[in-house]
Amino acid sequence: MSTKVDAIVIGAGPYGLAVGSSLREAGANVRVFGETMSFWTRHMPSDMWLRSIWSASHIGDPTSSLNLASFERAKGIPLRRPIPLSDFVAYGHWFQARALPDVDQRLVKRVETNGGALRVITSDDEAVDARRVVVAGGIAPFAARPQMFDALPRELASHSADHADLAPFAGRRVVVIGGGQSAIETAVLLREHGAEVEVMMRARRLQWVGRAPREGLIGHLLFDRTDVGPALISQLVAHPMLVRALPRAIQREATRRALAPGASLWLRPRLGGLVISPGRSVVDVARRGSEVTIRLDDGSSRTVDHVLMGTGYRIDIRRYPFLARGLLERVRHVDGHPVLGAGFESSVPGLHFVGAPALYSFGPLLRFVAGTEFAARRVTMHVKGARSAQRGTERAVELPGAAN
Ligand SMILES: Cc1cc2nc3c(=O)[nH]c(=O)nc-3n(C[C@H](O)[C@H](O)[C@H](O)COP(=O)(O)OP(=O)(O)OC[C@H]3O[C@@H](n4cnc5c(N)ncnc54)[C@H](O)[C@@H]3O)c2cc1C
């Protein structure tokens, strides 16, 4: 037995919540599956702060009554800025309780086709059919782990996504690989937890993000409130429909610049004695009992207790474990990025992707919370448009000749 709904949203992170609430507000019979804000609670250090600024951290909602300012008012005490992760997670739960109190926390095991509809199978084998499925599954399956560490067990080499609690590293020697926000903030937090840390990064120097003011006339001219990318690029990136209309080479360059690795300026005073080795790559790695020795491209080596990869995420929808092979084969993609229409619909009718996988079609805004408002609006417009077109067709079928 299966039930049928207008739309299913897979994921209850910022994108799933925004799209789910917007579709519901528009009158769709929508079900949202997933554990609310689980990526933020399980795959990020619990004591980190958000890199995105206040104006770029609202979860999109159709009425704007569920933004951070409303949450702050409801809480009755001012939130810190930069926003601590725990406050952002609480905001996500607060949003969900108000907009989508019936989020179904079960995992989706499989999405497949069922005649003209899409069928979602939950972890406990309930089947739900839907005209549309919106995949808002986030980036957890995309953690990029350099192959050379594959032979090492998790106790010796792990990805930053593997840790919500860095306290167990106290007193241990850790090499962090990477030069982006996640690597540098993880390194700072590890040191603050009492680990002995060295950062290895390929770039020749650490880039700081957030030097130029975002406030005042000049700030507002240079940076959109969504604040993705450097001055002026930020203004372009804030308009995904414009980005998608540009020649590919310009889109690629805007994305490269907007996503260039860098660390928030507010981390600088906390670097303390953190050792950073820029311009270095790891060329070899070997296990020695409970230690790891890494060899660098300058011939030097380090022996440590743990290597932590702050090596980011590589988007590839083929790594979503719940997409049935037959369905995946029909999704047109470029290097694992689905090619999406203006309503975030893939080449499989009714199957949409929002969040990071939409980067190829809409630009880098979609990798951040700041893109939730846009995604929710476009998906909802598309679904509403398709519904009225369908009603029109049904009427025409009921009343043959009515169009004459
Ligand atoms: C360390 C770190 C710091 C970051 N800081 C920021 C920041 O400051 N600001 C910012 O804008 N972005 C930040 N990001 C990027 C951030 O991850 C994305 O902006 C955000 O998570 C996108 O939301 P999402 O809803 O697409 O994905 P997620 O938040 O990852 O949500 C995905 C949801 O899908 C659910 N799900 C997955 N698989 C299934 C399944 N099979 N069945 C049911 N549910 C499923 C999960 O449970 C989860 O609820 C950061 C990323 C990292 C790694």
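Keep in mind that this is a model prediction, so the values were computed, not measured.

## A closer look at the overall build of the protein chain
Phase 1: From N to C terminus, the protein chain includes 12 helices and 18 strands.
Phase 2: Over its C-alpha atoms, taken along the principal directions, the protein chain stretches across nearly 80 × 50 × 45 Å.
Phase 3: The buried share of the protein chain, reckoned over its 404 residues, is 50%.
Phase 4: Contacts spanning at least 24 positions in sequence make up 64% of the contacts within the protein chain whose residues lie at least 6 apart.
Phase 5: Surface exposure of the protein chain reaches about 18,600 Å², of which carbon and sulfur atoms provide 53%.
Phase 6: When the 52 basic and 38 acidic side-chain charges of the protein chain are each reduced to a single mean position, those positions are 5 Å apart.

## Quick notes on helix H9 (residues 248–258)
Phase 1: Of the residues making up H9, those classed as buried are Gln 251, Ala 254, Thr 255 and Ala 258. Each buried residue of H9 sits inside an arc of 100° when the element is viewed along its axis, so together they form one side. In this structure, H9 carries Arg 252 and Arg 256 as exposed residues pointing more than 90 degrees from its buried face.
Phase 2: Packing partners of the buried residues in H9 comprise helix H7 (233–237), helix H8 (240–245) and helix H11 (359–362).

## With respect to the sheet that holds strand E12 (residues 282–288)
Phase 1: Across the sheet, which stays open at both edges, the 3 strands sit in the order E12-E13-E14 with antiparallel pairing between neighbours. Bordering the open sheet on either side are E12 and strand E14 (301–304), each of which pairs with just one other strand. Adjacent strand axes in the sheet meet at a mean angle of 20° when their direction is disregarded.

## Focus on the packing of aromatic side chains
The relative placement of two aromatic rings is captured by the distance of their centres and the angle of their planes.
Phase 1: Tallied over the entire structure, the rule returns 13 aromatic pairs.
Phase 2: Here Phe 88 and Tyr 91 contribute two aromatic rings whose centre-to-centre distance is 5.9 Å and whose plane-to-plane angle is 55°, an arrangement assigned as tilted. Linking Phe 88 with Tyr 91, this pair stays in helix H4 (residues 85–99), spanning 3 residues, or about one helical turn.
Phase 3: For Phe 88, a relative accessible area of 0% puts it in the buried group.

## Points about the sheet that holds strand E11 (residues 275–277)
Adjacent strands of a sheet form backbone hydrogen bonds with each other and so pair up, either parallel or antiparallel.
Phase 1: Read from one edge of the open sheet, 5 strands run E6-E15-E7-E8-E11, paired in parallel fashion. On the outer flanks of this sheet lie strand E6 (157–159) and E11, each paired with one strand and no other. Put simply, the sheet's adjacent strands are angled 20° from each other on average, direction ignored.
Phase 2: Where strand E7 (residues 173–177) meets strand E8 (residues 196–200), 5 bridges bridge the pair, whose relative direction is parallel. Counterpart to Val 176 in the pairing with E8 is Val 199.

## Re the site of the ligand
Phase 1: Around the ligand there are 30 residues in total, and Ser 38, Arg 51, Ser 52, Val 108 and Val 369 lie nearest to it.
Phase 2: In this structure, Arg 51 approaches the ligand through a main-chain N or O atom, which is 2.8 Å from an oxygen atom.
Phase 3: Measuring from an oxygen atom of the ligand, one finds a backbone N or O atom of Arg 367 at 3.2 Å.
Phase 4: In isolation the ligand exposes 980 Å². Once the protein is present, 89% of that is buried.
Phase 5: Elements supplying a minimum of two residues to the shell around the ligand: helix H1 (14–25) and helix H2 (38–42).
Phase 6: The greatest single-element share of the shell around the ligand, amounting to 3 residues, is contributed by H2.
Phase 7: Considering only residue class, the shell around the ligand consists of 18 nonpolar, 8 polar and 4 charged.

## Topic: the pattern of salt bridges
Phase 1: Following the criterion strictly, the structure yields 26 salt bridges and no others.
Phase 2: For Arg 110, the salt bridge identified is with Glu 112, shortest N-O distance 2.8 Å.
Phase 3: For the salt bridge of Arg 256 with Glu 253, the shortest nitrogen-to-oxygen distance reads 2.8 Å. A residue pair is termed a helical-turn pair when its members lie 3 or 4 positions apart in one helix, as Arg 256 and Glu 253 do in helix H9 at 3 residues.
Phase 4: Put simply, Arg 31, Asp 104, Arg 106, Asp 124 and Glu 126 are held in one network by salt bridges that share partners.

## Section: the nonpolar core
Phase 1: Counting 103 residues, the largest nonpolar core has Trp 40, Val 133 and Phe 344 as the members making the most contacts within it.
Phase 2: Of all the elements, H4 adds the most residues to this core, at 7 residues.
Phase 3: Within the second largest apolar cluster, 15 residues are counted, among which are Leu 156, Met 200, Val 282 and Val 304.

## Some words on the side chain of Ser 346
Phase 1: You can see Ser 346 is positioned in the loop between strand E17 (337–338) and strand E18 (351–353).
Phase 2: When neighbours within four sequence positions are excluded, Ser 346 is seen to be in contact with Val 331, Val 339, Leu 340, Leu 351, His 352 and Phe 353.

## Remarks on the environment of Gly 326
Phase 1: Position of Gly 326 among the secondary structure elements: in helix H10 (residues 325–328).
Phase 2: Under the relative-accessibility criterion, Gly 326 is labelled partly exposed at 44%.
Phase 3: Distance from Gly 326 to Glu 112, taken between C-alpha atoms, is 7.5 Å for residues 214 residues apart in sequence.

## Describing the confidence of the model for the protein chain
The predicted coordinates of low-pLDDT regions are not to be read in fine detail.
Phase 1: Taken as a whole, the protein chain shows an average pLDDT of 95; of its residues, 97% reach a score of 70 or greater.
Phase 2: Between residues 399–404, whose pLDDT stays under 50, and residues either more than four places distant or in other chains, the model counts 0 contacts.

## Concerning the packing of H1 against H4
Phase 1: Here H1 crosses H4 at 20°, and the two axes come no closer than 10 Å. In terms of orientation, H1 lies roughly parallel with respect to H4. Our pair here, H1 against H4, has a crossing hand that is left-handed. Together, Pro 14, Leu 17, Ser 21 and Arg 24 of H1 and Phe 88, Gly 92, Phe 95, Gln 96 and Ala 99 of H4 make up the contact between the two elements.
Phase 2: Across the contact of H1 with H4, the residue classes tally to 5 nonpolar, 3 polar and 1 charged.

Parameters and conventions
- Every chain is numbered on its own, with residues counted from 1 as its sequence reads.
- Thresholds applied to this predicted model are a pLDDT of at least 70 for local features of residues and 80 or more for the giving and counting of side-chain atom pairs; totals over whole chains, interfaces and linings are not thresholded and use all residues.
- Values shown for side chains rest on all heavy atoms present in the structure; no hydrogens or waters enter the calculation.
- Numbering goes from the N terminus for both helices and strands, where a helix is a DSSP run of H or I of at least four residues and a strand is a run of E of at least two.
- Only protein chains enter the accessibility calculation, which uses a 1.4 Å probe; a residue whose area is less than 20% of its type maximum is buried, one above 50% is exposed, and one in between is partly exposed.
- Here a residue-residue contact requires only that any non-hydrogen atoms of the pair lie within 4.5 Å.
- In short, Shrake-Rupley with a 1.4 Å probe defines the accessible areas, and a residue's cover is counted only from the protein chains shown.
- Neither His nor the chain termini are counted; the positive set is Lys and Arg, and the negative set is Asp and Glu.
- A charge is said to be at NZ when it belongs to Lys, at CZ for Arg, at CG for Asp and at CD for Glu.
- This arc is built from the directions going out from the helix axis to the C-beta atoms.
- Strands qualify as paired when DSSP identifies two bridges or more between them.
- In this analysis, axes come from line fits to C-alpha atoms, helices being fitted only over the stretch in contact, and the angle between any two N-to-C directions falls in the range 0 to 180 degrees.
- Between 30 and 60 degrees the pair is tilted, below 30 it is stacked and above 60 it is edge-to-face, where a pair is any two Phe, Tyr or Trp rings, Trp via its six-membered ring, whose centres lie within 6.5 Å.
- Here a residue counts as near a molecule or strand whenever at least one of its heavy atoms sits within 4 Å of it.
- Definition of a polar contact: a pair of N or O atoms within 3.5 Å, with one able to donate and the other able to accept a hydrogen when the atoms are protein atoms, and with sequence-neighbouring residues admitted only if both atoms are side-chain atoms.
- Here the term charged refers only to Asp, Glu, Lys and Arg, the term nonpolar to Ala, Val, Leu, Ile, Met, Phe, Trp, Tyr, Cys and Pro, and the term polar to all other amino acids, Gly among them.
- A pairing counts as a salt bridge when a side-chain nitrogen of Lys or Arg comes within 4 Å of a carboxyl oxygen of Asp or Glu.
- Nonpolar core, defined: a set of buried Ala, Val, Leu, Ile, Met, Phe, Trp, Tyr and Cys residues in which side-chain atoms within 4.5 Å join the residues together.
- Residue-level confidence of the predictor is what pLDDT reports, using numbers from 0 through 100.
- Roughly parallel here means an angle under 35 degrees, roughly antiparallel means over 145, roughly perpendicular means 65 to 115, and every remaining angle is called oblique.
- Throughout, a crossing is termed right-handed when the near helix is turned clockwise from the far one, and left-handed when it is turned anticlockwise from it by less than a right angle.

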